[in-house]
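Working through the structure, step by step
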Amino acid sequence: MTLVRVENLAKSFRVAERCPGMWGAVRGLVARGYRTIQALDDVSFELSAGELVGYIGPNGAGKSTTVKVLAGILVPDSGRCEVLGRVPWRERRANARDVGVVFGQRTQLWWDLPVAESFDLLREIYAVAPADHRRARGELVEMLDLGGLLNVPVRQLSLGQRMRCDLAAALLHQPPILYLDEPTIGLDAPSKLAVRSFVRTLTRERGVTVILTTHDMDDIEALCQRVILIAHGRVLSNGSLKDLRTQVSRERRLVIDLADPMAEITDPRATITAREGARVTVSFDPDRVAAPELIAQFCARVAIRDLTIESVPIEEIVAQLYRENGAP
Amino acid sequence: MRPYIAVLSANFRMMLQYRAAAFAGAVTQVFWGLIRVMVFEAFYRSSSLVHPMGLDEVVDYVWLGQAMLLLTTFGPDPHIREMIRSGNVAYELTRPTDLYGFWYVRCLAARIAPVILRAVPQLLIAGLFFGLRAPASPASGAAWIASTLAAMLLSAAFGAVISITLLWTISGEGASRFLPAVSWLLSGNIIPLPLFPEWAQGVLNVLPFRGLADTPFRIYMGHIGPGEALLPILHQVVWAAAFVLFGRWLLARAMRRVVVQGG
Amino acid sequence: MARLVRLYMHYAGISIRSQMQYRASFAMAATGHLVVTGFDFAALAVLFRRFGSLVEWSLHEVAVLYGITHVAFALAEAFARGFDVFPAMVRDGSFDRLLLRPLSTAFQVAASEIQLMRIGRLTQGLAVLGWALATGGFSLGLAHWLLVPLAILGGACLFSGLFVLSGVLSFWTIETLEVVNTVTYGGVEATQYPLSIYRPWFRHLFTFVVPLACVNFLPGAALMGMPERAGAPEWCLWLAPFAGVLFLLASLQVWRVGVRHYTSTGS
């Protein structure tokens, strides 16, 4: 079942430009120069119920613009968008009841109050029945291990604790759709793991549909079955991580620790991409030569102490895609 | 001296960026000035007695007050307040300069730049359209400039004290609201000091607040002649020095607390 | 509606409790506020001492107008101050968060900040008004007494409307547009005194453009039993306070236009 449908979405912004100097400031009072930025050019995608989709792209690619359109905060210039059959900006309030949003850099909790009081107020804002609220809250407190935090004022929470509370706050009204904008930014390793495992449980066991924007490729690799990559307002890639890899490069890497640092290894089907002491990195195309065959070749010729096969790190893949689709 | 000049000029350039705000501020001040002038006109219509100040003089006084408003209405320096709130004040202690000197210069810059930016256009507008007269004589004008400079020194010293009181969180909050209100009334910014009752004049003359507004304004219009101006200007300078000493002492005490409590 | 009232109380409770976390500094702020506004009235008394009267108006009569203005403004500051801090919400993007919730944005902005500190001005305004009405020798019937809260309500609505308008501007410009603030605070300053003392253009500004006269000078003249000083038919004076309510309703319409503009530009 399709929950979210986005078709040919386009949105441009006018940004005021100020001329430098005194004269510019004076002129700025009367007339101002504008520059148009095409934040979304032609974006289309769909999300099905229960999917967890990574939405990635360089800064300024249009990620948060898309999320804002989906949340009903922003009206696009053209294109269509439906969330649960509704046009979000036309029915902002109805839409708001069905989505939860977490912005990693901000909190929706009340700064000076204990977490529990923010939860109470959110119950009223979303008009959740007390029994439903109690149940949802109990579950979230357990899943996110918030028991000890509920009576602490928000300003005293660590970033990781606050993020867990914010996740709970966004889900108290039990929305079927959740938008997560950089939920792991700035968190320490254990907190990141906690957030990831919570999001995973959420989709697997509760069937919540999640859109995750992030710069942390570990988030993507740990969580997402599907990745939508955008740059300059256009979708560059939409598919599984594996698809994304093969779209950019099929290359794989063999990292070999030689017994003799001076030993020569060569093969016409592979290229040496790095050599550091006894460690040599060789890259090859698995279509031209299978890994076992290549390994057998090397083993036959030189003494090898250790050896691993790697894919190109997802960061590099993404960086390469960004480069190839540089500024138009 | 070099670091102080650097702080002064950095602050100055920062303020110059807010030209639009300065423009809007000037419009606001002129509007307020008009209200106050009209109110005084009405009061003077109501009574035929002879007052210690004529309406013409009150009008001058009001416009000078509007133009120099920032010398009398100020809360604590926003930058220092932020530094204290966030605890970054500890960084200031690591700098190889005298902290009080730094803060004083900051407060001084926060007065000179906006006064120049706002006062000049406002005085021109008030002079051209709304009845502000030129200084009584060139000598009065010169004495007025000297007295205005002294008012800036005094105002910065006073502002530094108010900022420093913020280091005592609770009482500082009160002091930083209360003291500006006191200075606002007693400097002559609401009502020209000569219009206060006779019995209050003696006290008002001794208190430091008149040096922020009343003294330069009356010198400007010749209410205090250029020959008699030396003593009032000295009054301003002495009080400025007193506030500097008091501020230094206060800051030294506060810093001992910060260091002892570990910031 | 009942839900909104309950919700507003909840917001208010939260706001009050978080201000009470800094109880001592709240007390300081409120006292400071009281002192500042107290000085303001002291200055007025000083002027009356010197000049005797303000044209045809006595200190007591001016104090009635002064009190109505300050009480109305204190209420507006307490309940609509959210619109005043609102430009910062637009700038740092936290307004988006309000749009994410299933409630009207104007409601959330109004409820986001309830400033108890304004109790200083409120107390001072009520004291001045009470003193003036009790000792001014006015002959007040029941209808006159009803006109007092009506004028205050109209004034609170009007000042709130001005706060809404100044907030709305931040949807279009990030430069602080002080124009509206000038009118708001200038209006408080101006309506402390009877409007009849001002020059005609100024009277017209505050009667027809920003109808502050309607919530202060006009009903004030009626309730003090001197409608002839207002220069308008008496029935007008009694109905005038509703202009404040209309002004607020109109401002809220402008607000909606502003929100629509915001969601289409995302500035």
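Source: prediction; values computed, not measured. (Residues numbered from 1 in each chain as written. Chains lettered and ligands numbered in written order. Predicted model: local features only at pLDDT ≥ 70, side-chain atom pairs only at ≥ 80, totals over all residues. Heavy atoms only, no water.)

1. A word on the overall build of chain C
- Within chain C one finds 13 helices and zero strands.
- Of the regular secondary structure in chain C, the N- to C-terminal order runs α-α-α-α-α-α-α-α-α-α-α-α-α.
- Relative to the 2.2 N^0.38 estimate, which gives 18 Å for 267 residues, the radius of gyration of chain C is 19 Å and therefore close to what a compact globule would have.
- Along the longest, intermediate and shortest principal axes, the C-alpha atoms of chain C span 55 × 40 × 35 Å. (Helix = DSSP H or I, 4+ residues; strand = E, 2+ residues; numbered from the N terminus. Rg over C-alpha atoms; globule rule 2.2 N^0.38 Å.)

2. Looking at the pairing of strand β3 (residues 52–56) of chain A
Residue and element names in this part refer to chain A.
- With respect to burial, β3 is a largely interior element, five of its five residues being buried.
- Residues Leu52, Gly54 and Ile56 of β3 are buried on one face, and the alternating residues Val53 and Tyr55, pointing to the opposite face, are buried as well.
- Strand direction decides the pairing type here: β3 and strand β7 (residues 209–213), joined by four bridges, are parallel. The partner of Val53 across the bridge, within β7, is Ile211.
- Two elements, β3 and strand β8 (residues 226–231), share four bridges in a ladder whose sense is parallel. Its bridge partner being in β8, Val53 is matched across the sheet by Arg226. (Buried < 20%, exposed > 50% of the residue type's maximum accessible area, 1.4 Å probe, protein only. Pairing = 2+ DSSP bridges.)

3. Things to note about a nonpolar patch on the surface
Residue and element names in this part refer to chain C.
- A contiguous nonpolar surface patch, about 430 Å² in accessible area, is contributed by Met1, Leu4, Val5 and Met9.
- With respect to the helices, strands and loops of the structure, Met1 is situated in the segment before α1 (2–20).
- In this structure Met1 comes out as exposed when scored by relative accessible area, which is 77%. (Patch = residues over 30% accessible without salt bridge, like charges linked within 9 Å, V, L, I, M, F, W, Y side chains within 5 Å. Areas by Shrake-Rupley, 256 points an atom, 1.4 Å probe, with all protein chains shown as cover. Salt bridge = Lys/Arg side-chain N within 4 Å of Asp/Glu carboxyl O.)

4. Quick notes on the pattern of salt bridges
Residue and element names in this part refer to chain A.
- Summed over the entire model, instances satisfying the criterion amount to 32 salt bridges over all chains.
- Between Glu46 and Arg5 there is a salt bridge; the shortest N-O distance is 3.1 Å. Of the two residues, Glu46 sits in strand β2 (residues 33–48) while Arg5 sits in strand β1 (residues 2–17), which places them 41 residues apart along the sequence.
- Connected through salt bridges with shared partners, the residues Lys192, Arg196, Asp216 and Asp219 form a single ionic network.

5. So, the interface of chain B and chain C
- Counting from both sides, the interface comprises 40 residues of chain B and, opposite them, 34 residues of chain C.
- Across the chain B/chain C interface, buried area totals approximately 3400 Å², and carbon plus sulfur atoms make up 76% of it.
- Ranking the residues of chain B by area buried against chain C places Phe31, Met38 and Phe43 of chain B at the top, with a combined share of 20%.
- Counting every contact that joins chain B to chain C gives one salt bridge.
- Across the salt bridge formed by Arg199 of chain C and Glu41 of chain B, the nearest N and O atoms sit 2.8 Å from each other. (Contact = heavy atoms within 4.5 Å. Buried area = accessible area lost by both parts, 1.4 Å probe.)

6. Some points on the interface of chain A and chain C
- Facing the 30 residues of chain A at the interface are 28 residues of chain C.
- When chain A packs against chain C, close to 2800 Å² is buried across both sides, 53% of that on carbon and sulfur atoms.
- Considering only the side of chain A, the residues that lose the most area to chain C are Ile73, Glu124 and Ile125 of chain A, jointly responsible for 22% of the buried surface there.
- At the junction of chain A with chain C, the criterion picks out two salt bridges.

7. Side note on the sheet that holds strand β10 (residues 252–258) of chain A
All names here are of chain A.
- Read across the sheet, four strands follow the order β11-β12-β10-β13 without closing on themselves; strand pairing throughout is antiparallel. Edge strands, defined here as strands with exactly one partner in the open sheet, are β11 (270–276) and β13 (304–311). In this sheet, adjacent strand axes meet at a mean angle of 20° when their direction is disregarded.
- As paired elements, β11 and strand β12 (residues 279–284) share six bridges and run antiparallel to each other. Residue pairing for β12: Thr271 is matched across the bridge by Ser283.
- The sheet contacts of helix α10 (residues 291–301) involve β10, β11, β12 and β13, and relative to β13 the element is tilted by about 155°. (Axes fitted to C-alpha atoms, helices over the stretch in contact; angles between N-to-C directions.)

8. Considering the nonpolar core
- In this structure, Tyr179 of chain A, Trp103 and Leu167 of chain B together with Phe95, Tyr198 and Trp255 of chain C are the most contacted members of the largest nonpolar core, which totals 191 residues.
- Counting residues per element, this core draws most heavily on helix α8 (residues 138–165) of chain B, at 13 residues.
- Beyond its immediate stretch of four places on either side in the chain, Phe95 of chain C contacts Phe86, Met89, Val90, Thr105, Val109, Phe171, Trp255, Val259 and Tyr262 of chain C.
- Counting 63 residues, the second-largest nonpolar core is a separate cluster that includes Trp110, Leu122 and Val210 of chain A together with Ala12 of chain C. (Core = buried A, V, L, I, M, F, W, Y, C linked by side-chain atoms within 4.5 Å.)

9. Focus: the environment of Met255 of chain B
- On the secondary structure map, Met255 of chain B appears in helix α12 (residues 230–261).
- Along the sequence, Met255 of chain B and Leu153 of chain B sit 102 residues apart, while their C-alpha atoms lie 24 Å from each other.

10. Let's talk about the side chain of Glu51 of chain A
All names here are of chain A.
- Position of Glu51 among the secondary structure elements: in the loop between β2 and β3.
- A distance of 2.8 Å separates a polar atom in the side chain of Glu51 from a polar atom in the side chain of Arg226.
- Once you skip the residues sitting within four places of it in the chain, Glu51 turns out to touch Glu46, Thr203, Val208, Thr209, Val210, Gln225 and Arg226. (Polar contact = N/O pair within 3.5 Å; in protein donor to acceptor, adjacent residues only side chain to side chain.)

11. Brief notes about the packing of helix α3 (residues 55–67) of chain B against helix α7 (residues 99–129) of chain B
Residue and element names in this part refer to chain B.
- The geometry of α3 relative to α7 is characterised by a closest axis approach of 9 Å and an angle of 155° between their N-to-C directions. The pairing of α3 with α7 is recorded here as roughly antiparallel in orientation. The handedness of the crossing between α3 and α7 is right-handed. Touching Trp63, Leu64, Gln66 and Ala67 of α3 are Ala119, Gln122, Leu123 and Ala126, all from α7.
- Partitioning the contact of α3 with α7 into residue classes produces six nonpolar, two polar and no charged. (Parallel < 35°, antiparallel > 145°, perpendicular 65-115°, else oblique. Left-handed = near helix turned anticlockwise from the far one by under 90°. Nonpolar A, V, L, I, M, F, W, Y, C, P; charged D, E, K, R; others polar.)

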